Amino acid sequence: MQPLLSVALPLFHGRRGLLLPFRTPIHTVVGAPIPVQRNPRPSRAQVAELHALYVERLTQLFEEHKARYGVPEDRHLLFT
């Protein structure tokens, strides 16, 4: 088909052969709020401290709820 039209046509792959994505469940878990003091000009240390707390709480949430959603016990959250 490409030589005839001089253009490559995309192959559709999804539900009913269209661009609709396949249905997959999405699970959302909400944790406790992290208290933050409003500061119009935070220092790098303050940002780094809050980021570390956020990553810690996110990892904790993942570890607490992973079994409920079929994630193996030996699988851990990895940030890159």
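Residues numbered from 1 in each chain as written. Predicted model: local features only at pLDDT ≥ 70, side-chain atom pairs only at ≥ 80, totals over all residues. Heavy atoms only, no water.

### Considerations on the overall build of the chain
For clarity, the cut-off: What counts as a helix is a DSSP run of H or I of at least four residues, what counts as a strand is a run of E of at least two, and both are numbered from the N terminus. Atoms considered for the radius of gyration are the C-alpha atoms alone. The globule rule reads 2.2 Å times the number of residues to the power 0.38. The classification of residues rests on relative accessible area computed with a 1.4 Å probe and restricted to protein chains. Under 20% of the type maximum is buried, over 50% is exposed, and intermediate values are partly exposed. The contact rule is simple, with two residues in contact once any of their heavy atoms fall within 4.5 Å. With residues, only the protein chains shown are counted as cover, and all accessible areas are computed by Shrake-Rupley using a 1.4 Å probe. His residues and chain termini do not enter the charge count, which takes Lys and Arg as positive and Asp and Glu as negative. To locate a charge, take NZ of a lysine, CZ of an arginine, CG of an aspartate or CD of a glutamate.
What the chain contains, in helices and strands, is two helices and zero strands. Against the globule reference of 12 Å for 80 residues, the chain gives a C-alpha radius of gyration of 22 Å, more extended than a compact globule. Summarising its shape, the C-alpha atoms of the chain cover approximately 65 × 35 × 20 Å along the three principal directions. A burial count over the chain gives 4% of its 80 residues as buried. Considering only contacts in the chain between residues 6 or more positions apart, those separated by 24 or more positions represent 21%. Within the structure as shown, the chain displays about 7,900 Å² of accessible surface, and the carbon and sulfur contribution to it stands at 60%. Positive and negative side-chain charges of the chain, numbering 10 and 6 respectively, have mean locations separated by a distance of 15 Å.

### Structural notes on a nonpolar patch on the surface
Basically, it comes down to this: Residues enter patches when their relative accessible area tops 30% and they take part in no salt bridge; the joining distance is 9 Å for like charges and 5 Å for the nonpolar side chains Val, Leu, Ile, Met, Phe, Trp and Tyr. Salt bridges are identified by distance alone: a Lys or Arg side-chain nitrogen within 4 Å of an Asp or Glu carboxyl oxygen.
A grouping of Leu-4, Leu-5, Val-7 and Leu-9 is seen on the molecular surface, where their side chains present a nonpolar patch of about 410 Å² in accessible area. Position of Leu-4 among the secondary structure elements: in helix 1 (residues 2–5).

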